[in-house]
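The primary structure of each chain is shown beneath.
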Amino acid sequence: MARSRPARLSDIDEAAAALPEVTRDPPAGGRPSFQVRGKTFAFARGPRKDAFDPETGEPYDDVLAFSCTAEDKESMVSDPDSPWFTTPHWNGYNAVLLLERDLGRLTTEEIREVVTDAWLAKAPKRLAKEVLGGS
């Protein structure tokens, strides 16, 4: 089976839009935030002093954040070859960070899975169950 193409920002939009009851702020363009019934599950974050380039000391200006489970977070950030990371600011939060510039290290399938898992982490249980095919 051939490897799918590298992920792009538009894949995040498409994956989120394919899920039920998702809203995007702003509705088009800009650095988005995605919510399900008012709960944010993925967003593009502005520069903050807690996430910075170790070579330059400058804050990253392309950080994406995704909700996840505590178990997934540990797994995702503990792999040294993974593009996922966290910062002390995010200690205690079930979320992982990714630099936009590293999106291409993931496949479209991988980013769809992360967006779906982020949505599942914030969606109401009944709605999540419907999506997962339960009754």
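Scroll up to find the structure this text is about.
The rules behind these values
Residues numbered from 1 in each chain as written. Predicted model: local features only at pLDDT ≥ 70, side-chain atom pairs only at ≥ 80, totals over all residues. Heavy atoms only, no water. Phe/Tyr/Trp six-rings, centres within 6.5 Å; stacked < 30°, edge-to-face > 60°. Helix = DSSP H or I, 4+ residues; strand = E, 2+ residues; numbered from the N terminus. Buried < 20%, exposed > 50% of the residue type's maximum accessible area, 1.4 Å probe, protein only. Salt bridge = Lys/Arg side-chain N within 4 Å of Asp/Glu carboxyl O.

With that out of the way, let us pick up the packing of aromatic side chains. Enumeration according to the criterion identifies five aromatic pairs in this entry. For the pair Phe-66 and Trp-84, a centre-to-centre distance of 5.6 Å together with 85° between the ring planes defines the contact as edge-to-face. Here Trp-84 lies in the loop between helix H2 (70-78) and strand S5 (95-99) and Phe-66 lies in strand S4 (residues 63-67), a separation of 18 residues in the sequence. In terms of burial, Phe-66 and Trp-84 fall into one category: buried. Among the aromatic residues, ring-to-ring pairing joins Phe-43, Trp-90 and Tyr-93 into one connected group.

Our next topic: the pattern of salt bridges. If you walk through the whole model with that rule in mind, you get seven salt bridges. Its salt-bridge partner being Glu-21, residue Arg-37 comes within 2.5 Å of it at the nearest N-O pair. With Arg-37 in the loop between strand S2 (33-36) and strand S3 (39-45) and Glu-21 in the loop between helix H1 (9-17) and strand S1 (22-25), this pair connects stretches of sequence that are 16 residues apart. For Glu-21, a relative accessible area of 42% corresponds to the partly exposed category. Taking the shortest distance from any N to any O, the salt bridge between Asp-50 and Arg-48 comes out at 3.0 Å. In this structure Arg-48 comes out as partly exposed when scored by relative accessible area, which is 35%. One connected set of salt bridges, linked through shared partners, spans Arg-45, Arg-48 and Asp-50.

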